[in-house]
Amino acid sequence: MSSPDGILPTTDKPHLVSLVLQSKKALQHGELLCSRASKLSSSSAQVAVDVLALDAKVRWLSNAMLEQLELAAHVAKSIEQKRGELEKQAEEWDMARTQHADALDAILESLGGQVVPHDFYATTDLSPFGSQHASDAEHEQGDAAPFGDISAGSPSDTVHDESCFHRAPVAAVDRSLWKSLRDFVDERKIEDVLDSIESDRNALDNILARTSEYPEWLSNTISTIRSNAPIQFSVPSIDEIFSSQEAASTKMAGHLESLAAHYEQMSDALSHSEAGEEFNEEDLQEMNRDTEELPAIIAELEESIATIEASHTQLLQSKKTAQQHLDTHRQTLDDLDELGEIMTEIMERQQDVETESGKHLALLHQHLMTIESLHHRFTSYQCAYNRLLLELARRRQYREAAEKIVQGMVSQLDAMAEEERHVREEFNAEHGQHLPEDVCMFIRNTPTRWTVVPRPGELTELLPEVDQDLLAEASKLESLLYQ
């Protein structure tokens with residue numbers, strides 16, 4: 001029930017007191033929120049400075065870590081490349097050894113397929129070329145003798161009569177019983193050479209194996225360190241945080257001023273009421289409306305401080321994350337320092353392996369020269385044997401040609417001797433009886449074919465020399481007698 005003339009009855013004074021208390025409570029709550037917001041803003045400023053400082057340290061340590069990781073990766077790659085070069089050289093040597101060994105096997109196989117006639121070695125244990133030992137100098141150098149030891153006989157004991165190669169052929173000769181050129185080769189010494197080469201090749205593998213695990217170990221260690229390193233975090237925008245906090249603080253200050261003004265207005269109204277002043281219903285309704293807005297203002301204040309708290313919490317979380325990253329980076333750098341010491345030792349060992357491998361590869365290449373020398377010797381051996389067969393065939397042709405010439409000369413001498421015998425007989429029959437017996441007694445000798453061409457040790461027919469003037473006179477007188 002309203003009072004006349006719109007005057008507020010005294011019974012409404014307690015209601016006004018309630019409004020004043022609500023206003024005061026709202027003002028105190030707002031002051032508390034604003035005070036807390038001020039502290040959070042001041043704290044946020046210090047936390048932001050700490051975050052920026054930590055971020056700078058983290059970035060510096062991160063760059064240092066990345067540089068050391070790149071250096072470690074470079075070292076690992078360098079070791080892997082050097083090992084790859086050594087392994088490539090070893091593979092090239094293996095290919096060269098395979099080629100030389102195949103060539104040696106081929107020539108030995110060829111020697112095994114070429115038989116040596118039994119007459120070549122039936123009377124002596126010598127090979128067809130005499131002693132095939134390497135020279136003393138070669139033995140002193142450690143070269144393997146390509147041919148077997150021959151104890152019976154010496155080159156001077158070899159029968160040089162070529163007739164030993166021209167025996168009467170034997171029917172159905174079993175060549176499977178003949179020796180081959182390979183039978184004159186000391187296979188055991190060749191195997192010893194090849195075993196020695198294989199042993200030295202295995203020694204190279206053992207040298208390379210000393211650092212075989214280093215590249216993979218380094219790569220795995222680097223990957224582990226890199227994966228354990230913290231992921232780079234992004235620092236929140238300090239400007240945006242401060243701008244949002246400033247906007248929230250400004251808004252809260254405005255709300256606090258409104259609360260203070262409302263409280264002052266309500267306090268003044270209560271004082272006027274206590275002094276006897278009475279308010280009309282419209283004034284009280286306005287007071288009630290203003291008081292009813294207090295919870296909304298408090299809610300906006302709490303919303304604003306929640307924004308400030310959220311940004312403050314964000315800064316605190318960033319600081320915590322940055323500190324964790326800093327601690328992790330420091331631990332990572334310690335691990336990298338330890339890895340650096342290990343890599344120094346690894347590089348020294350790798351250098352030792354490279355030096356030793358280089359010397360060993362040089363030794364292996366000398367072995368290749370040994371295999372090549374054996375191949376050359378056996379090739380020359382086969383070539384010499386083939387030339388021997390051709391030389392024997394040439395000598396046989398020479399002997400047969402000489403025999404044909406001698407046989408022709410003998411037949412011709414026999415014919416000449418027969419003709420000479422008839423001529424002498426006619427001479428003796430016609431003129432021998434007219435010559436004194438003591439003149440030229442040898443004129444009655446019978447001619448032989450060796451009268452002109454004697455055998456070794458025989459004398460030719462002795463005939464006296466007749467001067468040319470005597471022959472001329474006899475011829476002249478002979479002509480006169482038959483005129």
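Quantities reported herein were computed from a predicted structural model and do not represent experimental measurements. (Residues numbered from 1 in each chain as written. Predicted model: local features only at pLDDT ≥ 70, side-chain atom pairs only at ≥ 80, totals over all residues. Heavy atoms only, no water.)

Any chance you could explain the packing of helix α3 (residues 187–209) against helix α7 (residues 294–431) here in plain terms?
When two helices pack together, their arrangement is given by the angle between the helix axes and the distance between those axes. The N-to-C vectors of α3 and α7 enclose an angle of 160 degrees; their axes lie 10 Å apart at closest approach. Overall, the two elements α3 and α7 adopt an arrangement that is roughly antiparallel. Like other packed secondary-structure pairs, α3 and α7 cross with a definite hand, here left-handed. Facing α3, whose interface residues are Ile190, Val193, Leu194, Ser196, Ile197, Asp200, Arg201, Ala203, Leu204, Ile207 and Leu208, α7 presents Val353, Glu356, Ser357, His360, Leu361, Leu363, Leu364, His367, Thr370, Ile371 and Phe378. (Axes fitted to C-alpha atoms, helices over the stretch in contact; angles between N-to-C directions. Helix = DSSP H or I, 4+ residues; strand = E, 2+ residues; numbered from the N terminus. Parallel < 35°, antiparallel > 145°, perpendicular 65-115°, else oblique. Left-handed = near helix turned anticlockwise from the far one by under 90°. Contact = heavy atoms within 4.5 Å.)

Is there a simple way to think about the environment of histidine 15 in this case?
Looking at the element boundaries, histidine 15 is found in helix α1 (residues 13–112). Under the relative-accessibility criterion, histidine 15 is labelled partly exposed at 36%. Along the primary structure histidine 15 and asparagine 288 are separated by 273 residues, whereas in three dimensions their C-alpha atoms are 9.6 Å apart. (Buried < 20%, exposed > 50% of the residue type's maximum accessible area, 1.4 Å probe, protein only.)

Explain the packing of helix α4 (residues 214–228) against α7 here, please?
Axis separation between α4 and α7 bottoms out at 11 Å; the angle between their running directions is 170 degrees. Regarding the angle of α4 to α7, the classification is roughly antiparallel. Of the residues in α7, those touching α4 at Tyr214, Trp217, Leu218, Thr221, Ile222, Ile225 and Asn228 are Thr328, Thr332, Asp335, Leu336, Leu339, Ile342, Met343, Ile346 and Arg349. Residues that form the contact of α4 with α7 fall into these classes: 10 nonpolar, 4 polar and 2 charged. (Nonpolar A, V, L, I, M, F, W, Y, C, P; charged D, E, K, R; others polar.)

Is there a simple way to explain the nonpolar core in this structure?
As a rule of thumb, soluble globular proteins bury nonpolar side chains together. Grouped together as the largest cluster of nonpolar side chains are 31 residues, with contacts concentrated most on Leu104, Leu108, Leu111, Val116, Val185, Phe378 and Tyr381. Secondary-structure elements contributing two or more residues to this core are α1, α3 and α7. A total of 10 residues in this core trace back to one element, the largest contributor, which is α7. Those residues in contact with valine 116 that sit more than four places away from it in its chain are Tyr121, Trp178, Lys179, Ser180, Leu181, Phe184 and Tyr385. (Core = buried A, V, L, I, M, F, W, Y, C linked by side-chain atoms within 4.5 Å.)

How do you make sense of α3 when you look at a structure like this?
At 3.6 residues per turn, the α-helix brings residues three or four places apart onto the same side. Its 23 residues give α3 an end-to-end C-alpha distance of 33 Å, which sits within 8% of 33 Å, the value for a rise of 1.5 Å per residue. For α3, the set of buried residues is Ile190, Val193, Ile197, Asp200, Arg201, Leu204, Ile207 and Leu208. The N-cap residue of α3 is aspartate 186: its side-chain oxygen and the backbone nitrogen of arginine 188 are 3.2 Å apart. (Expected span 1.5 Å × (residues − 1). Polar contact = N/O pair within 3.5 Å; in protein donor to acceptor, adjacent residues only side chain to side chain.)

Looking at this model, I keep getting lost on the packing of aromatic side chains. Mind explaining?
The description of an aromatic ring pair uses the distance of the two centres, along with the angle that the planes make with each other. One pass over the structure, following the stated rule, counts 1 aromatic pair. An angle of 65 degrees between the planes, with centres 6.2 Å apart, marks the rings of phenylalanine 120 and tyrosine 385 as edge-to-face. Pair noted here: phenylalanine 120 is in the loop between β1 (115–116) and α2 (136–140) and tyrosine 385 is in helix α7, with a separation of 265 residues, a long-range link. Like tyrosine 385, phenylalanine 120 is buried. (Phe/Tyr/Trp six-rings, centres within 6.5 Å; stacked < 30°, edge-to-face > 60°.)

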